[in-house]
Amino acid sequence: MLITRHLEEPCPKCGVSGKYGNVNVGRNILNRGCNNCREWMRHPLPDIRKKVIYLDQFFLSHAFRDQEQPFIDAANRIKDMASRQLVVCPYSSVHTDETHLWRHEQQEDLYKFIKQTARGYQFNEAYEIKQEQMYRAFDAFRSETDIIHPIEECDAFREDIHRWDDYFWINIRPFLGDLEAMRQGKAAAIEGLVDLFPEWRKLTTSFEEDVNMEARGYGKSLLDQYLKMVVNVGTGSLNSYMEAPIDTMYVESLLHCDSSTMEIDDRLKRIGEFFSSPHFTNIPNVRISCGIFAVLRKMVKNGAYTNLANARRKLAGLFYDSECISVFGPYSDAIFIDRVMKQWCEDPEAMLLEPHDTKVYSVAGWDDFHSYLDSLEENYTDDIREALNLFYPGVYA
Ligand SMILES: [Zn+2]
């Protein structure tokens, strides 16, 4: 057997030293073994409940550069707390995309650092989480039941994150789309957004009206993209399915509901109605991302971003920020994000993450972030401390 951590003490069975130690951890059981007598011992570890902290790309890339003290301090503290099983900072498809869009020789080193900080834990892909939330809302819409949007941890994680870490984690190769197309798509999206600003300035809509307009626009774009793909497939372009943006899958999957009892036109019509309903607007990720864009509309109406070239530069990361906050925020106990995005999330009319009890931190409040981490030390109970001594012998004595 492979002993990952040798113990100084001799094997309790055969008395031989130097061949006895920790092998692995699985389902909160620490397995110890001896390579002399082949004895195998199991030590149950206490149940734990970790806090999930989402660290955005900005935080992680600064921590990786290892130059600015506040980032170094916070990152070291998080690393220590993660190894003491108090917190977990899973990485996401947004980290994967943003890292690989970064044209830099240290790209792979940064990605490795991100995965190490996460200790191998990762969120499900953004589209998987969005799809789960959308199914649930569509079910409620179809059955005309109340709009309940629970945040289920199993939507966001394939594995139990509240377990003791193992000594090894599997390094999963990322799924990467067409990076050049993603770069162009990102630039085009910002371009298209900023082009709307002159029209937005004329609007006299309220915040809630803007949220609803954003949600209607999103629903319409999902349907349009799907219909466009169908037309392309119909004209014999068989690659259309392969090339279709992942967003077309949402409509495709909703169309499967009741396919044996309803005609396709009726099913499509029903999806259109769903996209204009409160069931859709109140899907957690839709509500939050539309809220972010409604705050932006409000700022534009109030005279911000008049210089469009500057706006394009300042808002370059907006779609990724919006995705990480709206998709992963609700499953996190705390998120560390861009200073401006924190202000938007906490806009009094928006309070975007309040329904999910997610705490929001940024570089504008290092002390607040450290106070939050202080508060988590309460969870470092004596039984965890003792178990950690078995888990990492001699490290936290
Ligand atoms: Zn032995």
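The shown structure was predicted, so the numbers you read here are calculated from the model rather than taken from an experiment.

## Some points on the overall build of the protein
Across its full length, the protein carries 19 helices and eight strands. Based on the C-alpha atoms only, the size of the protein along its principal axes is roughly 80 × 55 × 45 Å. Relative to all contacts within the protein whose residues are 6 or more apart in sequence, the contacts with residues 24 or more apart total 71%. Split by element, the accessible area of the protein, about 20000 Å² in all, is 50% carbon and sulfur.

## Looking at unusual backbone geometry
With a phi angle near 60 degrees, Asp 66 is a residue other than glycine that sits in the positive phi range. We note that Asp 258 has phi near 60 degrees; this positive angle belongs to a residue other than glycine. Mapping Asp 258 onto the fold places it in the loop between helix H11 (248-255) and helix H12 (264-275).

## Digging into the sheet that holds strand E7 (residues 334-336)
Paired through their backbone hydrogen bonds, the strands of a sheet run either parallel or antiparallel. Here four strands make up an open sheet; going across it, the order is E6-E5-E7-E8 and the pairing parallel. The open sheet is flanked by strand E6 (87-88) and strand E8 (359-361), the only strands paired with a single partner. Against the sheet, helix H18 (residues 366-376) contacts strand E5 (51-55), E6, E7 and E8, and its axis sits at roughly 155 degrees relative to E5.

## Topic: the packing of aromatic side chains
The geometry of an aromatic ring pair comes down to the distance between the two centres and the angle between the two planes. Inspection of the entire model under this criterion finds 30 aromatic pairs. Ring centres 6.4 Å apart and planes at 50 degrees place the aromatic pair Phe 59 and Trp 366 in the tilted group. Linking Phe 59 in helix H1 (residues 57-65) with Trp 366 in helix H18, this pair joins segments that are 307 residues apart in sequence. Trp 366 carries the same exposure label as Phe 59, and that label is buried. On the basis of an interplanar angle of 65 degrees and a centroid distance of 5.0 Å, the ring pair of Phe 138 and Phe 274 is categorised as edge-to-face. Placement of the pair is Phe 138 in helix H5 (residues 126-142) and Phe 274 in helix H12, with a sequence separation of 136 residues. The rings of Phe 58, Phe 59, Phe 71, Phe 336, Tyr 361, Trp 366, Phe 369 and Tyr 372 are connected pair by pair, giving a single aromatic cluster. Over the aromatic face of Tyr 380 sits the side chain of Arg 84, whose NZ or CZ is 4.5 Å from the ring centroid.

## A word on the domain arrangement of the protein
By the assigned domains, the protein splits into domain 1 (5-44) and domain 2 (50-205 + 283-390). Domain 1 and domain 2 are separated by 40 Å when their C-alpha centres are compared. If you look at the interface, domain 1 gives nine residues, while domain 2 gives six residues. When residues of domain 1 are sorted by the area they lose upon contact with domain 2, Arg 5, Val 25 and Asn 28 head the list and together hold 53% of the total. Applying the counting criterion to the domain 1 and domain 2 interface returns five residue pairs in polar contact (both at pLDDT 80 or more). When residues of the side of domain 1 that touches domain 2 are traced back to their parent elements, those giving at least two are strand E2 (20-26) and strand E3 (29-34). The greatest single-element share of the side of domain 1 that touches domain 2, amounting to four residues, is contributed by E2. A breakdown of the residues in the side of domain 1 that touches domain 2 according to their chemical character gives three nonpolar, four polar and two charged.

## Quick notes on the pattern of salt bridges
Under the defined criterion, the tally for this structure stands at 28 salt bridges. One connected set of salt bridges, linked through shared partners, spans Asp 139, Arg 142, Asp 258 and Arg 270.

## Some thoughts on the sheet that holds strand E4 (residues 40-44)
One open sheet holds the four strands; their spatial order is E1-E2-E3-E4, and the pairing between them is antiparallel. Each of the sheet's edge strands pairs with one partner strand only, and the pair in question is strand E1 (5-6) and E4. As paired elements, E1 and E2 share two bridges and run antiparallel to each other. Paired with Arg 5 across the strands is Asn 22, a residue of E2.

## Considering the nonpolar core
Core analysis: the biggest nonpolar cluster contains 67 residues, and Phe 197, Phe 274, Phe 275, Leu 296, Leu 315, Leu 318 and Ile 325 have the highest contact counts within it. Looking at this core, the element that brings in the most residues is helix H14 (residues 284-301), giving nine residues. Filtering out sequence-adjacent residues up to four positions away, Leu 296 remains in contact with Leu 193, Phe 197, Trp 200, Tyr 305, Leu 315, Leu 318 and Trp 344. Judged by nonpolar contacts, the second largest core, of 42 residues, contains Ala 74, Val 87, Ile 114 and Tyr 380.

## With respect to the pairing of E3
Burial of E3 is extensive: six of the six residues sit out of reach of the surface. Burial along E3 is two-sided: Ile 29, Asn 31 and Gly 33 facing one way and Leu 30, Arg 32 and Cys 34 facing the other are all buried. Sheet topology places E2 next to E3; six bridges connect them, and they run antiparallel. Bridge pairing links Gly 26 to Ile 29 in E3. Counting the residues in the hairpin turn of E2 and E3 gives two residues, including Arg 27, whose phi is positive at 50 degrees. As defined by bridge partners, E3 adjoins E4 across five bridges and the pair is classed as antiparallel. Within E4, the position partnered with Gly 33 by the bridge is Trp 40. Where E3 hands over to E4, the hairpin turn is made up of five residues, of which Arg 38 adopts a positive phi near 65 degrees.

So, how was this worked out
In this numbering scheme, every chain counts its residues from 1 along its sequence in written order. pLDDT decides what is reported in this predicted model: residues at 70 or higher carry local features, side-chain atom pairs at 80 or more are listed and counted, and totals for whole chains, interfaces and linings draw on all residues regardless. Side-chain calculation: all heavy atoms of the structure are included, whereas hydrogens and water are not. Secondary structure is summarised from DSSP: a helix means a run of H or I of at least four residues, a strand means a run of E of at least two, and numbering begins at the N terminus for each. Here a residue-residue contact requires only that any non-hydrogen atoms of the pair lie within 4.5 Å. Surface accessibility follows the Shrake-Rupley procedure with a 1.4 Å probe radius. Residue values consider only the protein chains on display as shielding. DSSP calls a pair of strands paired once it identifies at least 2 bridges connecting them. Every angle, taken between N-to-C directions, lies between 0 and 180 degrees, and every axis is a line fitted to C-alpha atoms, over only the stretch in contact when it is a helix. When two rings of Phe, Tyr or Trp (its six-membered ring) have centres within 6.5 Å they constitute a pair, described as stacked for plane angles under 30 degrees, edge-to-face for angles over 60, and tilted for the intermediate range. Relative accessible area decides the class of each residue, using a 1.4 Å probe on protein chains only: under 20% of the type maximum gives buried, over 50% gives exposed, and in between gives partly exposed. Here, a charge over a ring means that NZ of Lys or CZ of Arg falls within 6 Å of the ring centre while also lying within 35 degrees of the ring normal. Each domain's limits were defined by an automated method or a database of domain assignments. Values labelled buried area give the accessible surface lost by two parts on being combined, using a 1.4 Å probe and summing over both. Polar contacts, as counted here, are pairs of nitrogen or oxygen atoms within 3.5 Å of one another; within protein the pair requires one atom able to donate a hydrogen and one able to accept it, and residues that are adjacent in sequence qualify only if both atoms are side-chain atoms. Throughout this entry, Asp, Glu, Lys and Arg are counted as charged residues, while Ala, Val, Leu, Ile, Met, Phe, Trp, Tyr, Cys and Pro are counted as nonpolar. The remaining residues, Gly among them, count as polar. Throughout this description, the term salt bridge denotes a Lys or Arg side-chain nitrogen within 4 Å of a carboxyl oxygen of Asp or Glu. As used here, the term nonpolar core means buried Ala, Val, Leu, Ile, Met, Phe, Trp, Tyr and Cys residues forming a set that is joined through side-chain atoms within 4.5 Å.

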